[in-house]
Amino acid sequence: MSDLTPTGDSEPTPDTHLSKVRAGDLDRRLALDILSLAMTQGHLSPTEYEDRADKAVAAKTFGELDALTDDLPSQLKPPSAPATPSASPASPASDAEVILNRIAVMSGSELKGRAAVGEHLNAFALMGGVEIDLRDAIFTAPTLTIRANAIMGGIEIVVPEDATVRVNGFGFMGGFGGEQNTDGPGAPGAPTIIVGGMALMGGVSVARRPPKDEKPSLKKS
């Protein structure tokens with residue numbers, strides 16, 4: 001590693017100055033997103049991910065965050081601040097903000113109600129909990145892929161009863177899976193939801209549920 005200490009009267013380079021700028025919560029969350037995707041694609045082992053995630057949560061400067069992601073493939077790094085979500089084919093939610101992430105680090109986060117979702121959704125829980133209920137969600141794409149990674153935390157995902165669902169994550173000293181009959185085909189025209197990722201000493205659960213306002217029918221004897 002080269003010595004970045006300025007010598008003589010030379011001034012620090014812009015990169016050296018930027019590395020000392022204080023990072024905020026959004027910057028730390030972006031770093032966690034990158035690390036989560038790297039682990040999902042096999043660039044980091046679960047142990048490496050856990051170590052780097054801990055350092056990302058505690059990072060104070062951009063330099064500390066950059067050191068955690070610099071050796072990862074550049075295609076993993078999403079744009080830092082997209083102005084607007086990419087336009088979907090004509091849909092009723094074309095003017096709504098598409099939710100891309102739900103992150104809980106020693107806290108809780110949820111996605112419920114008439115929230116717009118696109119092609120991808122990242123859910124990450126580190127010693128925290130994430131609740132995602134898609135029964136009333138606005139699907140702006142025919143297929144939604146959810147990356148769900150839980151480390152000593154939990155992620156609960158509720159999908160519409162008529163959706164096509166595929167669950168292909170794995171658990172390492174934890175649990176990852178759906179209830180009975182969750183994985184499988186749905187009704188024609190309903191969205192397809194793919195759930196992948198991992199649970200490390202935590203849990204990711206996926207369940208089909210009927211619409212919230214649907215009342216159970218009364219059985220006649």
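None of the values given here were measured: they were computed from a predicted structure.

**Re unusual backbone geometry**
No. 1: We note that Met127 has phi near 55°; this positive angle belongs to a residue other than glycine.
No. 2: Topologically, Met127 is positioned in the loop between strand E3 (116-126) and strand E4 (129-133).
No. 3: Even without being a glycine, Met201 presents a positive backbone phi close to 55°.
No. 4: In this fold, Met201 is placed in the loop between strand E11 (192-200) and strand E12 (203-209).
No. 5: Judged by its relative accessible area of 36%, Met201 falls in the partly exposed class.

**A word on the packing of aromatic side chains**
No. 1: According to the stated counting rule, one finds 1 aromatic pair in the structure shown.
No. 2: Plain terms: the ring middles of Tyr49 and Phe124 are 5.8 Å apart, the flat faces sit at 80° to each other, and that makes the pair edge-to-face. Remark: Phe124 occurs in strand E3 and Tyr49 occurs in helix H3 (residues 46-58); sequence separation between them is 75 residues.
No. 3: According to the relative accessible area criterion, Tyr49 is buried, its value standing at 0%.
No. 4: Its relative accessible area of 0% is what places Phe124 among the buried residues.

**Quick notes on the side chain of Asp133**
No. 1: When you line up the elements, Asp133 lands in strand E4.
No. 2: For Asp133, a relative accessible area of 7% gives the class buried.
No. 3: In terms of polar contacts, Asp133 uses its side chain to reach the side chain of Arg135, at 2.7 Å.
No. 4: What Asp133 contacts, discounting residues up to four positions off in sequence, is Leu111, Lys112, Gly113, Val158 and Lys212.

**Structural notes on the pairing of strand E7 (residues 154-160)**
No. 1: Within E7, 5 of the 7 residues are buried, which leaves the element mostly enclosed by the surrounding structure.
No. 2: With 5 bridges connecting them, E4 and E7 associate as parallel partners. In the sheet register, Glu131 faces E7, and the bridge partner there is Glu156.
No. 3: As paired strands, E7 and E12 are joined by 7 bridges and run parallel to one another.

About the thresholds
Residues numbered from 1 in each chain as written. Predicted model: local features only at pLDDT ≥ 70, side-chain atom pairs only at ≥ 80, totals over all residues. Heavy atoms only, no water. Helix = DSSP H or I, 4+ residues; strand = E, 2+ residues; numbered from the N terminus. Buried < 20%, exposed > 50% of the residue type's maximum accessible area, 1.4 Å probe, protein only. Phe/Tyr/Trp six-rings, centres within 6.5 Å; stacked < 30°, edge-to-face > 60°. Polar contact = N/O pair within 3.5 Å; in protein donor to acceptor, adjacent residues only side chain to side chain. Contact = heavy atoms within 4.5 Å. Pairing = 2+ DSSP bridges.

These results come straight from atomic positions and should not be treated as a statement about function.
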